[in-house]
Amino acid sequence: MKHFTNVHDIGPLDAAIKEALELKADRFAFSDLGRNKTLMMIFFNSSLRTRLSTQKAALNLGMNVIVLDINQGAWKLETERGVIMDGDRPEHLLEAIPVMGCYCDIIGVRSFAGLKDKAEDYEERVISQFIKYSGRPVFSMEAATRHPLQSFADLITIEEYKTKERPKVVMTWAPHPKALPQAVPNSFAEWMNATDYEFVITHPEGYELAPEFVGNARVEYDQKKALEDADFVYAKNWSAYADPNYGKVLSTDRAWTVDSEKMGLTDNAFFMHCLPVRRNMIVTDDVIESERSIVIPEAANREISAQVVLKNMLKSL
Ligand code: AN0
Ligand code: CP
């Protein structure tokens, strides 16, 4: 594997799931593979899980790890070419990226959508510059349009908990006070559409995701109808994608919050969320604390998804 930014980079999903479950059963089996190799993790945005789980995955493989938070102590970076740099950004990405590449073997990048300019976000301007100019294999730790390490962990989790060959998975929009990117729902949809599960997306009008991510999923505007007989409920907030409201919060309607009454419509579904989650906005306390909530095992699988990706990148060095 050269780079990892989307579902296609992982290859056939059944093989990837098998590899993940094997690694989970013996996570130190390849502890020599990363000897004298350095992972550099670059964060333009905050993180708890991605930072810790990816670092742990690298340690399991015997790698060294360097972490840089761009907004804490690094020079502020200009990202546009051709700008007269007389403002508050002393360094350009076009020098910073190849310099970072000098000090490591593999680079992970977290760079969220700015939610101001749809074209800029959906071109994946930041991570594609890392791919172009770092000279290193690059993987996404959530880029502007996708969060593939999360989606892969979500898939592993569903495979572990499913009791039917073809479970019904429902991704539901839920309210949140701040504008969030579409990366997590886009990516989850992309991975679910690559399985043979029954996959349904439900959200209020105006929250339609980009058609290339919705694919053949069923879109149901009636949340209660969507949840009927679900085996997995995947809650997530996202801001609007469609023009002219790109990046805006159109609703904070708590009628969309996942509560125990709605979970009662499902086939005793498991509750999932990528975390961090705002309780009693996205999901009520009782649902997230219930025995059907699998948000912690889901987060635990982030170590496994990252380890599969790093292992395959190390093998291709
Ligand atoms: C981010 C998002 O929605 O993309 C990260 C989730 C993994 N969430 C927040 O900023 C709250
Ligand atoms: N789910 C996830 O990526 O969490 P962090 O933003 O804390 O890394």
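Details of the structure are given in the entry above.
Residues numbered from 1 in each chain as written. Chains lettered and ligands numbered in written order. Predicted model: local features only at pLDDT ≥ 70, side-chain atom pairs only at ≥ 80, totals over all residues. Heavy atoms only, no water.

**Student:** Give me the lowdown on the sheet that holds strand β2 (residues 64–69), citing residues and values where you can.
**Tutor:** With parallel pairing, four strands are arranged side by side in an open sheet as β2-β1-β5-β6. In the strand order of this sheet, the two ends are held by β2 and β6 (138–140), each with one partner. Neighbour to neighbour, the strand axes of the sheet diverge by 20 degrees on average, direction disregarded. As paired strands, strand β1 (residues 38–43) and β2 are joined by six bridges and run parallel to one another. (Pairing = 2+ DSSP bridges. Helix = DSSP H or I, 4+ residues; strand = E, 2+ residues; numbered from the N terminus. Axes fitted to C-alpha atoms, helices over the stretch in contact; angles between N-to-C directions.)

**Student:** Quick one: what's the story with the pattern of salt bridges, residue by residue and with numbers?
**Tutor:** Here the structure, examined in full by the defined rule, presents 20 salt bridges. Between D69 and R51 there is a salt bridge, with the nearest N and O atoms lying 2.7 Å from each other. With a gap of 18 residues between them, D69 in strand β2 and R51 in helix α2 (residues 49–60) connect regions that are remote in the sequence. Each of the two residues, D69 as well as R51, counts as buried. Measuring nitrogen to oxygen at the nearest pair gives 3.8 Å for the salt bridge that ties R110 to E142. Residue R110 is located in strand β5 (residues 106–110), and its partner E142 is located in the loop between β6 and α6 (148–161); the two are separated by 32 residues in the primary sequence. With a relative accessible area of 6%, R110 lands in the buried category. Overlapping salt bridges, with partners in common, bring together E80, E120, E123 and R125 in one network. (Salt bridge = Lys/Arg side-chain N within 4 Å of Asp/Glu carboxyl O. Buried < 20%, exposed > 50% of the residue type's maximum accessible area, 1.4 Å probe, protein only.)

**Student:** A description of the nonpolar core should follow, citing residues and the corresponding values.
**Tutor:** Soluble globular proteins tend to pack their nonpolar side chains together in the buried interior. One finds F4, I10, F139, F152, F199, V309 and L310 to be the most contacted residues of the largest nonpolar core, which totals 54 residues. With seven residues, helix α12 (residues 295–315) is the single largest residue contributor to this core. With sequence-adjacent residues up to four places away left out, F139 is seen in contact with F4, L39, T54, I106, I107, G108, V109, I127, L149, V309, L310 and M313. Membership of the second largest hydrophobic core comes to 18 residues, among which are V170, A174, A230 and I288. (Core = buried A, V, L, I, M, F, W, Y, C linked by side-chain atoms within 4.5 Å. Contact = heavy atoms within 4.5 Å.)

**Student:** Go over the packing of α6 against helix α7 (residues 183–193), please, and point to the residues and values.
**Tutor:** Orientation of α6 relative to α7, taken along the N-to-C sense of each, is 45 degrees, at an axis distance of 9 Å. With respect to α7, the axis of α6 lies oblique. In terms of crossing hand, the pair formed by α6 and α7 is right-handed. Residues P148, S151, F152, D154, L155 and I158 of α6 pack against S187, F188, W191 and M192 of α7. (Parallel < 35°, antiparallel > 145°, perpendicular 65-115°, else oblique. Left-handed = near helix turned anticlockwise from the far one by under 90°.)

**Student:** So what's going on with the site of ligand 1? Which residues, and what values?
**Tutor:** Around ligand 1, the surrounding shell consists of F112, E142, H147, L180, P181, K236, C274, L275 and P276. Between ligand 1 and E142, the relevant distance is 2.6 Å, taken from an oxygen atom to a side-chain nitrogen or oxygen of the residue. With respect to ligand 1, the side chain of K236 contributes an N or O atom lying 2.7 Å from an oxygen atom. Contact with the protein chains removes 83% of the 330 Å² of surface that ligand 1 exposes when unbound. (Near = heavy atom within 4 Å. Polar contact = N/O pair within 3.5 Å; in protein donor to acceptor, adjacent residues only side chain to side chain. Areas by Shrake-Rupley, 256 points an atom, 1.4 Å probe, with all protein chains shown as cover.)

**Student:** Explain the site of ligand 2 to me, using residue names and the numbers behind them.
**Tutor:** Taken together, S47, L48, R49, T50, R110, H147, Q150, C274, L275 and R302 make up all the residues around ligand 2. In this structure, Q150 approaches ligand 2 through a side-chain N or O atom, which is 3.0 Å from a nitrogen atom. In the complex, the protein chains occlude 93% of the 260 Å² of accessible area that ligand 2 would expose alone. Comparing atom positions with the cavity grids shows ligand 2 to sit within the second largest pocket. Within the shell around ligand 2, the residues separate by chemical class into three nonpolar, four polar and three charged. (1 Å grid on protein atoms, 1.4 Å probe; cavity = no way out; pocket = protein on both sides within 12 Å on 5 of 7 lines; lining within 4 Å. Sits in = over half its atoms within 2 Å of the grid points. Nonpolar A, V, L, I, M, F, W, Y, C, P; charged D, E, K, R; others polar.)

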